[in-house]
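Descriptive analysis of the structure
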Amino acid sequence: ASLRTHSHFSFLRGASSPEELAARAAGLGHTALCLTDTNGIYGAVRLQQACRAVGIKPLIGTQVRLDDEWVTLISRNATGYVTMNRLLTRLHEREEPRFPSLFGDASAQDPASPAESAEALRGLAHCFLLLPSPRNVRPLQELLAPSCEVVLALDHQRRPGDGRRARRLQGAARELGVAAAVAPEVHYAVADDYRTFDVMTCTRLGITVFDPHPERP
């Protein structure tokens, strides 16, 4: 199953619809598809309908910002889904993109109450957290453990250095005592959507299609 997938509901970060992504996942023989759009679960209903139509399991998640990297939350059940919705609502109400502040932060102007924070932490026992690097594993473990499972996400897309980076992350996962999962970032369904996604990326970065950038596919 693809665990970090962006549809066109992720503004300028996804080039395909939930239906196109579900059809492609089924065609590749996947048994499930996880949609993790940015700061929301906007495509959840369409994902469920599309997955039902092609006979695969829908998984619902989202990506939110933690310092300078994206954290992926995936609900494990209905309680996890409710928890994600509450956290996302709190994020949008406060216009505060930093993940820890969702549980109360002394530096936040409107920190969560202790009761709200405790409820959020309990709810995250029903979610997976995928991190792209080991940098924030310990802080999140201290904040959440033992309520939530933290996983390091391995992303190998045959780019220079991807294999070396994946091996380093596997080593870091062993040292930290956390799981590692193969979870490449998916932004479009088929190769024909590559150019569309590239133009979206250039638009988001404020560069032309002639400018090189590490975030370009």
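Definitions and limits used
Residues numbered from 1 in each chain as written. Predicted model: local features only at pLDDT ≥ 70, side-chain atom pairs only at ≥ 80, totals over all residues. Heavy atoms only, no water. Phe/Tyr/Trp six-rings, centres within 6.5 Å; stacked < 30°, edge-to-face > 60°. Lys NZ or Arg CZ within 6 Å of the ring centre and 35° of its normal. Buried < 20%, exposed > 50% of the residue type's maximum accessible area, 1.4 Å probe, protein only. Helix = DSSP H or I, 4+ residues; strand = E, 2+ residues; numbered from the N terminus. Arc of directions from axis to C-beta. Axes fitted to C-alpha atoms, helices over the stretch in contact; angles between N-to-C directions. Left-handed = near helix turned anticlockwise from the far one by under 90°. Contact = heavy atoms within 4.5 Å. Nonpolar A, V, L, I, M, F, W, Y, C, P; charged D, E, K, R; others polar. Pairing = 2+ DSSP bridges. pLDDT = per-residue confidence, 0-100.

Overall, the coordinates contain two aromatic pairs when judged by the stated rule. Ring pairing ties together the aromatic residues Tyr 188, Tyr 194 and Phe 197, which thus form one cluster. In this arrangement the basic side chain of Arg 76 is found over the ring face of Phe 128, its NZ or CZ atom lying 4.5 Å from the centre.

Taken as a whole, helix H5 (residues 137–144) has its buried residues at Val 137, Leu 140 and Leu 144. Burial along H5 is one-sided: seen end-on, the buried residues are contained in an arc of 70°.

Where helix H1 (residues 18–27) contacts helix H2 (residues 44–54), the axes come no closer than 9 Å and their chain directions differ by 35°. Judged by the twist between their axes, the crossing of H1 over H2 is right-handed. From H1, Pro 18, Glu 19, Ala 22, Ala 23 and Ala 26 reach across to H2, where they touch Arg 46, Leu 47, Ala 50, Cys 51 and Val 54. Its residues assigned to classes, the contact of H1 with H2 shows eight nonpolar, no polar and two charged.

The sheet built from eight strands is open, its strands ordered S7-S6-S5-S4-S3-S2-S1-S8 with mixed pairing. Either end of the sheet is taken by a strand with one partner, and the two such strands are strand S7 (179–182) and strand S8 (185–186). Bridge count for strand S6 (residues 149–154) against S7 is four bridges, and the pairing is parallel. When the sheet's bridge partners are listed, Ala 153 is paired in S7 with Ala 181. On top of the sheet, H2 reaches strand S2 (32–38) and strand S3 (57–66); it is set at about 150° to S3, its chief contact.

Overall, the prediction assigns the protein chain a mean pLDDT of 86, with 85% of residues at 70 or greater. Taken together, the stretch residues 106–110 has pLDDT below 50 and engages in two contacts with residues farther than four places along the chain or on a different chain.

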